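The primary structure of each chain is shown beneath.
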Amino acid sequence: MSRLWSYSGSRRERTIMTQPVALVAGANGIIGNATAQELRRQGWKVRTLGRQTVADFDSLTVDLTDAASTREALARARDTTHLFYASLSPDPDLAIEANRNAGMLRHLLDGLGAVNAPLQRVVIYQGFKIYGIHLGAVVRTPARENDPPHMPPNLYMAQEEVLRAYAGRASWDYVALRPDVVVGDVIGNPMNIALVVGVFAEISRALGIPLRFPGTERAYRQLVQFTDAGLLARASHWAAITPQAGGETFNVTNGDVFRWERMWEDVGSHLGLAVASPVPLTLTRHMADKGPLWRELAERHGLVEPDIARLVGWGFGDFIFHTETDVISDVNKIYRFGFSERMDSTSSLMGALARLQERKALPTVIF
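If you're wondering where the values come from, they're calculated on a predicted model, not measured in any experiment.

S.K.: How do you make sense of the overall build of the protein chain when you look at a structure like this?
M.R.: A tally of helices and strands in the protein chain yields 14 helices and 15 strands. Taken over C-alpha atoms, the radius of gyration comes to 21 Å for the protein chain, in line with the 21 Å a tight globule of 367 residues would show. Among the 367 residues that make up the protein chain, the fraction classed as buried is 56%. Sequence-distant contacts in the protein chain: of pairs separated by 6 or more residues, those separated by 24 or more amount to 77%. Side-chain charges in the protein chain split into 39 positive and 39 negative, and the spacing between the mean points of these groups amounts to 4 Å.

Shown next as structure tokens:
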């Protein structure tokens, strides 16, 4: 039985609920899928929402950019007590991206309101881009939740503006979690660093060349961080049931830092590949001709996805491997509030690679 909290205006009333009901938006992604799995392990009733169904879950299939169809679909979600919002619709135009994603969240909240869902809390996910790193900023580290915002547009700022406006007149509140590069084993998500690393490594193996970091020398030696998807899912559950977390924002990472220079050696050792010095590539261009080779590897090893374009987001790899400043979040706030789990980032990445091999997304090679 889960101990939860409900809210009535500014007054907090303790209640006991035998089974809270989660609506996880974006459950086909790394964050949403791990969160849905964790909530089910915790005994919650879990329903997913997105453009596609999620295997083994009660799923609502909807396009959140369409307000009318969203409202119609949410008739089946009128029992929702907690919303976990991990949907994302990226766009190279930052203004379009911010407006579209804010609108999607607004449509979902309006739909839940229209069916009088007994919503208690919204957990939403932001990223290190909230600190302006995607704009070329040298972010002051460790980045803190109360650091000043940058000039918009920024999709996370736009979404939080929506949440503030709605929560101000509603009986629910919200918690914002800020992971960094999330490490997980979901297949087909373009922002999956484990797949970027794993596919790049296996193509290197097939070509008979050492594993060479495809970013710059400077990026190879900066201090960076991960957030394990499982750890983030457990933090999401904590954020949903912890009264004092309401209205707060928390950085969430594994709690350690590393340099790709060391992590790359660990990857090579884990996969049985020799490692050599970096050669900076633009992966979106340099890997464009590797589709036929990957298709051969997929056929030889019985892999689940022979289309490399559907498997890997090389543009995400370019962003990660060309970041030439330290990327470190201050996670002391969430520790002070009561969530103190930490994780070894090397174990996180190697574990994700192993699970992707088990799921036949990557070849299993005996060496």
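S.K.: So what exactly am I meant to see when it comes to the side chain of Asn 101 here?
M.R.: Of note, Asn 101 is situated in helix α3 (residues 94-114). Residue classification places Asn 101 among the buried positions, given a relative accessible area of 0%. Leave out the neighbours within four places in its chain, and Asn 101 touches Tyr 85, Ser 87, Leu 88, Ser 89, Leu 155 and Gln 159.

S.K.: I'm lost on the sheet that holds strand β4 (residues 45-50) in this one. Help?
M.R.: Consider a sheet: its strands pair through backbone hydrogen bonds, and that pairing is either parallel or antiparallel. Ordered by their spatial adjacency, seven strands build an open sheet running β5-β4-β3-β6-β7-β8-β13, and the pairing between neighbours is parallel. On the outer flanks of this sheet lie β5 (58-61) and β13 (249-251), each paired with one strand and no other. Going across the sheet, the axis of each strand differs from the next one's by a mean of 20 degrees, ignoring polarity. Here strand β3 (residues 21-25) pairs with β4 via five bridges, running parallel.

S.K.: Even after reading the chapter, I still don't get the pairing of strand β6 (residues 82-85), so can you show me in this structure?
M.R.: On a regular strand, one side chain projects to one face of the sheet and the next to the other, so that they alternate. Of the two faces of β6, the one holding His 82 and Phe 84 and the one holding Leu 83 and Tyr 85 are both buried throughout. As paired elements, β3 and β6 share four bridges and run parallel to each other. Looking at β6, one finds that Val 24 is bridged to Phe 84. Looking at chain direction, β6 and strand β7 (residues 121-125) are connected through four bridges and run parallel. Among the inter-strand pairings, Phe 84 is bridged to a residue of β7, identified as Val 123. In this fold, the crossover linking β6 to β7 by way of α3 has right-handed handedness.

S.K.: How should the confidence of the model for the protein chain be read in this particular structure?
M.R.: For any part of a model where pLDDT is low, the fine detail of the predicted coordinates should not be relied upon. Averaged over all residues, the pLDDT of the protein chain is 95; the fraction at 70 or higher stands at 95%. Overall, residues 1-16 carries pLDDT values under 50, and its contacts beyond four positions in sequence, including any with other chains, amount to 38 contacts.

S.K.: Explanation requested: helix α10 (residues 291-301) in the structure shown.
M.R.: Structural remark: α-helix, 3.6 residues per turn; residues separated by three or four positions point the same way. Within α10 the residues assigned to the buried category are Gly 291, Leu 293, Trp 294, Leu 297 and Ala 298. Here the buried residues of α10 occupy an arc of 160 degrees about the axis, which is enough to place them on one side. Residues of α10 that are exposed and angled more than 90 degrees away from the buried face: Pro 292, Glu 299 and Arg 300. In the stretch just after α10, Gly 302 is the one whose phi turns positive, near 65 degrees.

S.K.: Would you explain the environment of Pro 210 in this entry?
M.R.: Here Pro 210 shows up in the loop between α5 (193-206) and β10 (211-212). Looking at Pro 210, the relative accessible area reads 29%, which means it is partly exposed. Spatially, the C-alpha atom of Pro 210 lies 8.7 Å from that of Gly 268, the residues being 58 residues apart in sequence. Residues in contact with Pro 210, not counting those within four places in the same chain, are Ser 204, Ala 274, Val 275 and Ala 276.

S.K.: Quick question: what am I supposed to make of the nonpolar core here?
M.R.: Within the largest apolar cluster, 56 residues are counted, with the highest numbers of intra-cluster contacts made by Ile 193, Val 199, Trp 260, Trp 294 and Phe 321. Residue assignment for this core shows that the elements contributing at least two residues are α4 (155-167), α5, α6 (217-220), α8 (260-271), α10, α11 (308-311), α12 (314-321) and α14 (345-358). Broken down by element, this core gets its largest block of residues, nine residues, from α5. Those residues in contact with Ile 193 that lie beyond four places of it in its chain are Val 181, Val 182, Val 183, Phe 226, Trp 260, Phe 316, Ile 320 and Phe 321. Ala 27, Phe 57, Leu 232 and Phe 339 belong to the second largest nonpolar core, which has 33 residues in total.

S.K.: How should I be thinking about the packing of α8 against α14 in this particular structure?
M.R.: To characterise two packed helices, one gives the angle between the axes of the helices and the distance between these axes. In the contact formed by α8 and α14, the axes pass within 11 Å of each other and the chain directions differ by 35 degrees. In this structure, α8 crosses over α14, and the sense of that crossing is right-handed. Only Ser 345, Thr 346, Leu 349, Met 350, Leu 353, Ala 354 and Gln 357 of α14 make contact with α8, whose side of the interface consists of Met 263, Asp 266, Val 267, His 270 and Leu 271. Broken down by class, the residue content of the contact of α8 with α14 amounts to seven nonpolar, four polar and one charged.

S.K.: I tried to follow the packing of aromatic side chains on my own but got confused; where do I start?
M.R.: A full pass over the atoms with the stated rule returns 16 aromatic pairs. Ring geometry for Trp 260 and Phe 321: centres 5.3 Å apart, planes at 80 degrees, overall edge-to-face. On the criterion of sequence distance, the pair formed by Trp 260 in helix α8 and Phe 321 in helix α12 is long-range, its members being 61 residues apart. On the basis of relative accessibility, which here comes to 2%, the residue Phe 321 falls in the buried class. The cationic tip of Lys 129 hangs over the ring face of Phe 319; the distance from NZ or CZ to the ring centre is 5.6 Å. Geometry around Tyr 166 places Arg 169 over its ring, the cationic atom sitting 4.8 Å from the centre.

S.K.: Which parts of the structure should I look at to understand helix α1 (residues 30-41)?
M.R.: With twelve residues, α1 should reach 16 Å at 1.5 Å per residue; the first-to-last C-alpha distance of 17 Å fits that figure. Of all twelve residues making up α1, nine are buried, and the element is well covered by its neighbours. For α1, the elements touching its buried residues are β3, β4, β6, β7, β9 (182-183) and α7 (229-241). Positive backbone phi, approximately 90 degrees, marks Gly 43, located one or two places after α1.

Reading the values: rules and limits
- Residues numbered from 1 in each chain as written.
- Predicted model: local features only at pLDDT ≥ 70, side-chain atom pairs only at ≥ 80, totals over all residues.
- Heavy atoms only, no water.
- Helix = DSSP H or I, 4+ residues; strand = E, 2+ residues; numbered from the N terminus.
- Rg over C-alpha atoms; globule rule 2.2 N^0.38 Å.
- Buried < 20%, exposed > 50% of the residue type's maximum accessible area, 1.4 Å probe, protein only.
- Contact = heavy atoms within 4.5 Å.
- Lys, Arg positive; Asp, Glu negative; His and termini not counted.
- Charge placed at Lys NZ, Arg CZ, Asp CG, Glu CD.
- Pairing = 2+ DSSP bridges.
- Axes fitted to C-alpha atoms, helices over the stretch in contact; angles between N-to-C directions.
- Right-handed = clockwise from strand over helix to strand, strands pointing away.
- pLDDT = per-residue confidence, 0-100.
- Arc of directions from axis to C-beta.
- Core = buried A, V, L, I, M, F, W, Y, C linked by side-chain atoms within 4.5 Å.
- Left-handed = near helix turned anticlockwise from the far one by under 90°.
- Nonpolar A, V, L, I, M, F, W, Y, C, P; charged D, E, K, R; others polar.
- Phe/Tyr/Trp six-rings, centres within 6.5 Å; stacked < 30°, edge-to-face > 60°.
- Lys NZ or Arg CZ within 6 Å of the ring centre and 35° of its normal.
- Expected span 1.5 Å × (residues − 1).

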